[in-house]
Structures are given as structure tokens and as C-alpha cells.
Amino acid sequence: MCLTFILSNCAVHHEGATNYGYRREMSSDVARKPIRKAVFPVAGLGTRFLPATKAIPKEMLPIIDRPLIQYAVDEAREAGIEQLIFVTGRGKTAIVEHFDTAYELEHTMSGRGKALEVLDPTRIQPGNLVTVRQQVPMGLGHAIWCARAVVGDEPFAIFLPDEMMVGNAGGKGGCMKQMVDAYNEVGGNLISVLEVPQEEVSSYGVIAPGKRVSDALTEVTGLVEKPKREDAPSNLIISGRYILQPEVMRVLEKQSAGAGGEIQLTDAMAQMIGQQPFHAVTFGGKRYDCGSKVGFVEATLALALQREDMADEVRAMAKRLLAEG
Ligand code: G1P
């Protein structure tokens, strides 16, 4: 089994070097392994959605009939990711329950002749869901570092489930799928970015863009977390999806507190620039900021309007409500 794994990695390496002509980068980036693992930091308290999130994790709030976390997990699977690593905390067990088998529910539904397909997205292959705890809220960088033993020596993806990324119909797939495709070309580290109005940059991680590699791919020459508007190197913000090399864990280990007194992933990533390839992917699709109440409503409406089973009714309802003022 070990041998198969090594050989399959060699195959990926070889194919990359031959088909895409990245021989120079590949020689420094010997570890172009497939992205099989994803970390989901879900330990946050969700204070912006209180009282809704007093007893329910914010990641379990539904957009129509799926909790927010389900959309991120679906996106990960579409990108070929097998192992899901949840960095959880106290009061967050409902997230793990959601991906477990609900024996009584299934038994009762089957007994009543109800189809079980509706539960299919919640099924995880045994062993492919791992949880670790972040005992103290010390920031995103600290949350990711908590997963270091499970991530091991492999590149890995990160999903911030608050950021809901929906691919264009008939397009190039979801955000992580587009990032994995880019990773197969350039290797190294990648983050998804999008443009926001300049007055919003101070709420996000912001990139300094370098050379443009293609329409959707840009080199990253600098990163800064929550800069003042006047200090921001651009209006391109990090939008909650990452592919990182495992070396970031070693950087995080020594990372001191940054913006907001928290250990920032952005600060650790900034130190990797120049050591390894670092690119930004402009996502072809739509992003909804479900960390904000208005963003949450927008996502709910937008997705309802895309659903065949309810689009007509919702459109008529929205028109009526708007007319009523
Ligand atoms: C985090 C990251 C930030 C990123 C943002 C995206 O910030 O630190 O770089 O732009 O997510 O939503 P947070 O929203 O946790 O303050």
C-alpha cells in the first residue's frame, strides 16, 4: 500500500512536469502531492448570530434545507478531497452528529416507506472524518495549527464555512475544484481572492498581487491581515479557501499574535512567500458572506431562486414583498 502511494505521487509529479512545463518549479517543489485532506475551522462562537447560535453551532444554520457546513463539505468532495478534519470546540458536537448515521431516524423512515436519499450528502466513509479541539479562541492560525498531527506531511485545503462559494452553472466547478485545477498546474500554495470595495478591505486578509500568470491566476508577493484602508496593498481579499503546504504548520508554531491579538494564518502565509510558489486564484462564481446576517439572507434568496422546486414561488413571493414595500 505504501508503495502504491509513493508510485501514485511520482505519477502526479511526472505528469505535472511533462504536461505543464513547470520543470523549474517542480524541482524545488518535489512534494506536489494530491490534495486529500481539508481542515474546517468550526470552533468559533458565532456571536454575530446570537441568540440563534446560543445552543446551535453557526455552521448548522440552514441555507434552505442544508446547514452551512454541508455546502463546504460538498465543495470539498467535488474537488476530490477525502478526509475532513473539523477543528471544533465546546458546544459544537451537532456538526459531527450531522455527518454520523442517525440510526433511529433511518429505521423509522424506512419503516414508513420514506426514501433515504435525502440523507446521502451527510454520509462519510468511516474513518474519513476526524475532529480535533481548539480549547481556546486564539485565532484562525491557531485553529489550523491544532490540526497539525492529522494533516501530517501533506499539502491540505482549508475551508472557512462562513464564506459560501457557488460555482457558475455550466462553469468550471466550485471554488476548491478550480483551486485544485490551478494547483495541478503551479503547485505550492494557493488562496482564493476576490475584489471588494476599498472601504471594506480592513475586515479581511489582503494580497499584494504580482505577475499575472493567466486570467484567473496571479502571483502573490505580499499578504497583510486587516490593514487600514490607506495601508492596503490592493482591494483583493482572501475569501476563505486555501491550499497550503504542510510547512505552514512549522511557521504557525512560532507565530506571535497579530491583528486583533490573535494568531493569524495570513501572517504565517506571508512568511512562506519567496520560499515556495504562492498564487491567488480569482474564483469564477459567486461568493456569499454568510458570516453576516445580510449575506445570509442573500445566500438564502439566491439559492432559492436557483432551485427548480421553489424558484417560481420564491420569485413571485419576492416581487409581492417588494411591491408591498
Ligand atoms: C478570516 C481571515 C481573513 C479572510 C477572512 C475571509 O478573517 O483571517 O484573512 O479574509 O477570514 O472571510 P475573519 O473573518 O475570521 O476575521
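The written sequence of each chain sets the order in which its residues are numbered from 1. Side-chain atom pairs in this predicted model are given and counted only at pLDDT of 80 or more, local residue features only at pLDDT of at least 70, and totals for whole chains, interfaces and linings cover all residues. Side-chain calculation: all heavy atoms of the structure are included, whereas hydrogens and water are not.

J.: Run through the site of the ligand, naming residues and quoting values.
T.: In the neighbourhood of the ligand, the contacting residues comprise Leu140, Leu160, Glu163, Tyr204, Gly205, Glu225, Lys226, Ile238, Tyr242, Gln264 and Thr266. Between the ligand and Glu225 there is a distance of 2.7 Å, counted from an oxygen atom to a side-chain nitrogen or oxygen. Measuring from an oxygen atom of the ligand, one finds a side-chain N or O atom of Thr266 at 3.4 Å. Surface accessibility in these figures is a Shrake-Rupley result with a 1.4 Å probe; residues are shielded only by whichever protein chains are displayed. Protein contacts shield 75% of the accessible area of the ligand, which totals 380 Å² for the unbound molecule. Note on residue categories: nonpolar means Ala, Val, Leu, Ile, Met, Phe, Trp, Tyr, Cys or Pro, charged means Asp, Glu, Lys or Arg, and polar means any other residue, Gly included. Across the shell around the ligand, the residue classes tally to five nonpolar, three polar and three charged. Think of it this way: one heavy atom of a residue within 4 Å of a molecule or strand is enough to make that residue near it. Identification of polar contacts relies on pairs of N or O atoms within 3.5 Å, with a donor-acceptor requirement for protein atoms, meaning one able to donate a hydrogen and the other able to accept it, and with residues adjacent in sequence counted only if both atoms are side-chain atoms.

J.: So what about the confidence of the model for the chain? Which residues, and what values?
T.: When pLDDT is averaged along the chain, the result is 90, and 90% of the positions lie at 70 or above. Long-range and interchain partners of residues 1-28, a stretch whose pLDDT sits below 50, account for 22 contacts in this model, where long-range means more than four residues apart. As a per-residue quantity, pLDDT reports the predictor's confidence and falls between 0 and 100. Should any heavy atoms of two residues lie within 4.5 Å, those residues are counted as being in contact.

J.: Explain the pattern of salt bridges to me, and be specific about the residues and the numbers.
T.: The salt bridge definition used is simple: a Lys or Arg side-chain nitrogen within 4 Å of an Asp or Glu carboxyl oxygen. Under the counting rule described, the total for this entry stands at 16 salt bridges. Ionic pairing is found between Lys92 and Glu59, a salt bridge with its closest N-O pair at 2.7 Å. In this pair, Lys92 sits in the loop between strand S4 (83-88) and helix H4 (93-98) while Glu59 sits in the loop between strand S1 (37-41) and strand S2 (62-63), placing the two residues 33 residues apart along the sequence. Each member of the pair Lys92 and Glu59 is classed as buried. The residue Lys226 makes a salt bridge to Glu225 at a minimum N-O spacing of 2.8 Å. Helix and strand definitions follow DSSP, with helices as H or I runs of at least four residues and strands as E runs of at least two, each counted in order from the N terminus. Only protein chains enter the accessibility calculation, which uses a 1.4 Å probe; a residue is then buried when its area is under 20% of its type maximum, exposed when over 50%, and partly exposed in between.

J.: Can you explain helix H12 (residues 311-324)? Please cite residues and give values.
T.: The α-helix advances 3.6 residues per turn, and as a result positions three or four apart in sequence lie on the same side. In this analysis, the expected span of each helix is defined as 1.5 Å times one less than the number of residues it contains. Counted at 1.5 Å a residue, the expected span for H12 with its 14 residues is 20 Å, and the 20 Å between its end C-alpha atoms agrees. Gly325 occupies a position one or two residues after H12 and carries a positive phi of about 70°.

J.: Kindly report on the side chain of Thr53, identifying the contributing residues and their values.
T.: Mapped onto the elements of the fold, Thr53 is located in the loop between S1 and S2. A polar atom in the side chain of Thr53 sits 2.7 Å from the backbone oxygen of Gly46. Contacts of Thr53, omitting those with residues within four sequence positions, involve Leu45, Gly46, Lys58 and Leu61.

J.: So, the packing of aromatic side chains: which residues are in play, and what are the values?
T.: Two aromatic rings from Phe, Tyr or Trp, using only the six-membered ring of Trp, form a pair when their centres are within 6.5 Å; if the ring planes differ by under 30 degrees the pair is stacked, by over 60 it is edge-to-face, and anything between is tilted. Applying the stated criterion across every chain, the model contains four aromatic pairs. A ring pair is formed by Phe40 and Phe86, whose centres lie 5.2 Å apart and whose planes are at 85°; its orientation type is edge-to-face. In this pair, Phe40 is assigned in strand S1 and Phe86 in strand S4, connecting sequence segments 46 residues apart. The exposure classification of Phe40 matches that of Phe86, with both residues buried.

J.: For the pairing of strand S10 (residues 217-225), give the residues involved together with the corresponding values.
T.: Regular strands show a simple pattern: their side chains alternate between the two faces of the sheet. Pairing between strands requires that DSSP locate at least two bridges from one strand to the other. Relative to S10, strand S9 (residues 205-212) runs antiparallel, the two sharing six bridges. Residue Ala208 lies in a different strand from S10, and its bridge partner there is Gly222. Hairpin connection between S9 and S10: a loop of four residues separates the two successive antiparallel strands. Alignment of S10 against strand S12 (residues 278-282), held across three bridges, turns out to be antiparallel. Across the sheet, the residue bridging to Leu217 is Val281, located in S12.

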